[in-house]
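Remarks on the overall topology
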Amino acid sequence: MYPKELRYSKEHEWVKLEGGRARVGITKFAADRLSDVVYVELPKVGSEVAFMQPFGVVESVKAVSDLYAPLSGKVVEINQALVEKPEVINTDPYGAAWMIIVEPRDLKELAQLLDAGAYMALVGERPS
Amino acid sequence: MVPFGGWEMPVQYSGIMEEHRAVRARAGLFDVSHMGEVDLAGPGAGPLVQRLVTNDLSRRAAGQALYTPMCTPDGGIIDDLLVYRLGDERLMLVLNAANTAEDLAWIRGHAHGDVQISDRSAETALLALQGPRAQAILERLTPAPVGTIRYYWFREGVEVAGRRALVSRTGYTGEDGFEIYLDGRHAVHVWDAILEAGKPAGILPAGLGARDTLRLEAGLLLHGNDMDKSTTPLEVGLGWTVKLDKGDFVGAQALERQKREGLPRRLVGFVLRERAIARHGFPIREDGATIGVVTSGSFGPTVGNSIGLGFVPPEHAEPGRRIAVEVRGRAVGGTVARLPFYKRDAEAG
């Protein structure tokens with residue numbers, strides 16, 4: 001449910017370091033809470049995102065939520081397939097439903113994120 | 001569960017989309033016991049209701065239900081309700097939960113003469129069995145020929161899973177289906193029996209979330225969102241429920257005047273080009289100017305688009321007209337659409 005190799009924000013985003021880049025999405029907890037995601041708004045490639053500032057929006061039939069950047073940096077890629085088929089957020093939040101890839105400006109920000117255990121404690125789930 | 005008009009209500013069981021699709025393709029069961037039920041009895045019952053509602057109760061026989069707004073003297077909609085004609089001197093009103101107390105005070109305040117008014121909301125449960133397989137499922141639980149009940153007709157004293165109920169062919173989803181009124185003490189038994197009997201047919205329990213997306217696709221209005229005391233039936237497209245020729249009723253003069261002088265605004269349906277949801281209160285724009293406001297909006301799971309209802313000036317109301325909805329500071333383009341967004345095949349019913 002909460003892969004060990006990821007880092008998590010308190011706003012329910014995940015980050016995965018891939019070489020010098022960071023892949024970002026939202027957690028299964030957030031996806032379950034939203035349920036039935038119908039719409040995603042992502043930033044443009046080349047734009048800057050800032051640590052724990054909104055970078056986009058995810059919307060379900062029930063509610064709309066801001067997406068918060070777990071790292072500062074430049075957006076080098078966005079998941080256009082997700083914009084066209086946002087419902088995969090509910091089925092594959094750590095895989096096909098990645099949202100943006102960021103070139104991090106300051107990897108020290110990672111230290112402020114949670115590991116899987118701390119995140120699970122935050123959302124009140126016990127390790128499986 | 002969420003609080004709703006003083007009741008704890010399930011927003012969803014398995015998921016809004018899944019429940020929505022079950023109702024369109026198979027069947028869904030809703031617990032809408034929060035609705036208010038008020039019995040009126042006595043020779044004064046019919047005349048009282050006829051004076052308070054805009055539609056014409058005299059055109060309904062015993063065994064028939066009537067959908068109607070109830071208005072203020074200014075023509076504002078206090079509530080929209082169903083009136084069941086149980087007999088010559090016996091009526092049941094079905095009211096929106098959030099309005100039941102206010103409706104009751106209004107009705108009692110207008111009651112003169114021989115009518116007994118009893119609020120039966122607390123002890124009455126209401127289960128809505130909706131979808132193309134609703135009839136087949138209900139037939140497994142009752143000896144009564146429920147298939148012969150026509151749209152907007154009902155039968156009293158029908159045994160459903162061994163419990164007496166009033167069964168009416170009505171609903172709020174745009175599908176065929178039944179609404180089952182019964183003693184609250186039997187609600188859990190009948191709920192469980194319907195889900196069990198409907199299992200082979202693929203029934204799902206459905207919550208408030210799916211109820212809202214289903215009614216919106218069907219172009220049905222929600223009091224408190226799409227209409228209230230500041231809007232008239234004529235403005236929200238309920239002109240067909242205003243029978244100015246039936247004799248005097250509360251609001252008749254104001255509605256007659258509005259009909260003569262023209263409408264200041266009209267409630268229309270719209271479809272957006274993107275899947276962003278237009279939510280209640282978002283501005284409707286044309287060429288950068290605000291021309292109206294969204295009253296309801298959602299993603300329509302069956303129509304596959306972002307849809308909504310909102311007020312616009314009458315000259316912007318014709319289907320096909322381009323509008324935009326301001327969603328979080330951004331104009332999302334769309335067009336005025338003909339209602340309903342979804343209409344079931346007649347054969348399926």
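Criteria and cut-off values
- Residues numbered from 1 in each chain as written.
- Chains lettered and ligands numbered in written order.
- Predicted model: local features only at pLDDT ≥ 70, side-chain atom pairs only at ≥ 80, totals over all residues.
- Helix = DSSP H or I, 4+ residues; strand = E, 2+ residues; numbered from the N terminus.
- Rg over C-alpha atoms; globule rule 2.2 N^0.38 Å.
- Buried ≥ 20, exposed ≤ 12 C-beta atoms within 10 Å, placed from the backbone.
- Contact = placed C-beta atoms within 7 Å.
- Domains from an automatic or database assignment.
- Nonpolar A, V, L, I, M, F, W, Y, C, P; charged D, E, K, R; others polar.
- Core = buried A, V, L, I, M, F, W, Y, C linked by C-beta atoms within 7 Å.
- Pairing = 2+ DSSP bridges.
- Axes fitted to C-alpha atoms, helices over the stretch in contact; angles between N-to-C directions.

Here the focus is the overall build of chain A. Check the secondary structure of chain A and you find 4 helices and 9 strands. Going residue by residue from the N terminus, the α and β elements of chain A occur as β-β-β-α-β-β-β-β-β-α-α-β-α. The C-alpha radius of gyration computed for chain A amounts to 13 Å, which stays within 12% of the reference 14 Å derived for 128 residues, consistent with globular compactness. With the principal axes as the frame, chain A shows a C-alpha extent of 35 × 35 × 20 Å. Scored against the burial criterion, the 128 residues of chain A give a buried share of 41%. Restricting the contact set of chain A to residue pairs at least 6 apart, pairs at least 24 apart contribute 63%.

By a widely used convention, the size of an interface equals the accessible area lost when the partners come together. Residue and element names in this part refer to chain B. With domains assigned, chain B is organised as domain 1 (2–216) and domain 2 (265–349). The centre of domain 1, based on its C-alpha atoms, is set 28 Å off from the matching centre of domain 2. Residue assignment for the side of domain 1 that touches domain 2 shows that the elements contributing at least two residues are α1 (16–25) and α6 (208–217). For the side of domain 1 that touches domain 2, the leading source of residues is α1, giving 4 residues. Split into classes, the residues belonging to the side of domain 1 that touches domain 2 amount to 3 nonpolar, 3 polar and 5 charged.

Below, the discussion takes up the interface of chain B and chain A. Taken together, the 13 residues of chain B in the interface contact 8 residues of chain A. Of all the secondary-structure elements, those providing two or more residues to the side of chain B that touches chain A are α1, α6 and β16 (289–300) of chain B. The residue inventory of the side of chain B that touches chain A, partitioned by class, reads 6 nonpolar, 5 polar and 2 charged.

A few words now on the nonpolar core. Residues and elements named next belong to chain B. Core analysis: the biggest nonpolar cluster contains 131 residues, and Val83, Leu127, Leu129 and Ile180 have the highest contact counts within it. Both of domain 1 (2–216) and domain 2 (265–349) provide at least three residues apiece to this core. The residues touching Ile180, leaving out its near neighbours within four places in the chain, are Leu127, Leu129, Val160, Ala165, Val167 and Val190.

A few words now on the environment of B:Arg279. Residues and elements named next belong to chain B. Mapping Arg279 onto the fold places it in the loop between β14 (266–272) and β15 (283–286). Spatially, the C-alpha atom of Arg279 lies 9.8 Å from that of Ile307, the residues being 28 residues apart in sequence. Those residues in contact with Arg279, other than ones at most four positions away along the chain, are Val294 and Gly297.

Another point: α6(B). Residues and elements named next belong to chain B. Along α6, 9 of the 10 residues are buried, which leaves the element largely enclosed by surrounding structure. Among the residues of α6, those classed as buried are Gly209, Ala210, Arg211, Asp212, Thr213, Leu214, Arg215, Leu216 and Glu217. In this fold, the buried residues of α6 make contact with α1, β3 (28–31), β13 (204–206), β16 and β17 (305–312). Downstream of α6 by one or two residues, Gly219 has phi in the positive range, about 70°.

Our focus in this paragraph is unusual backbone geometry. With an omega of -5°, the peptide bond running from B:Leu339 to B:Pro340 counts as cis. Relative to the elements of secondary structure, B:Pro340 occurs in the segment after β19 (330–337). Non-glycine residue A:Ser35 carries a positive phi angle of around 50°. In this structure, A:Ser35 sits in the loop between α1 (28–34) and β4 (37–41). Under the C-beta neighbour-count criterion, A:Ser35 is labelled buried, with 20 such atoms within 10 Å.

Residues and elements named next belong to chain A. Pairing of strand β5 (residues 48–49) with strand β8 (residues 73–78) involves 2 bridges; the strand directions are antiparallel. Across the sheet, Glu48 pairs through a bridge with Lys74, a residue of β8. Pairing analysis gives 5 bridges linking β8 to strand β9 (residues 100–104), with the strands arranged antiparallel. Its bridge partner being in β9, Lys74 is matched across the sheet by Glu103.

Quick look at the sheet that holds β19(B) now. All names here are of chain B. The 6 strands are arranged β14-β17-β16-β15-β18-β19 in a closed barrel whose pairing can be described as antiparallel. Direction aside, neighbouring strands of the sheet carry axes that sit 45° apart on average. Relative to β16, β15 runs antiparallel, the two sharing 4 bridges. Paired with Pro283 across the bridge in β16 is Val293. Each of β16 and β17 is contacted by α6, which is oriented at about 120° to β16, the strand it contacts most.

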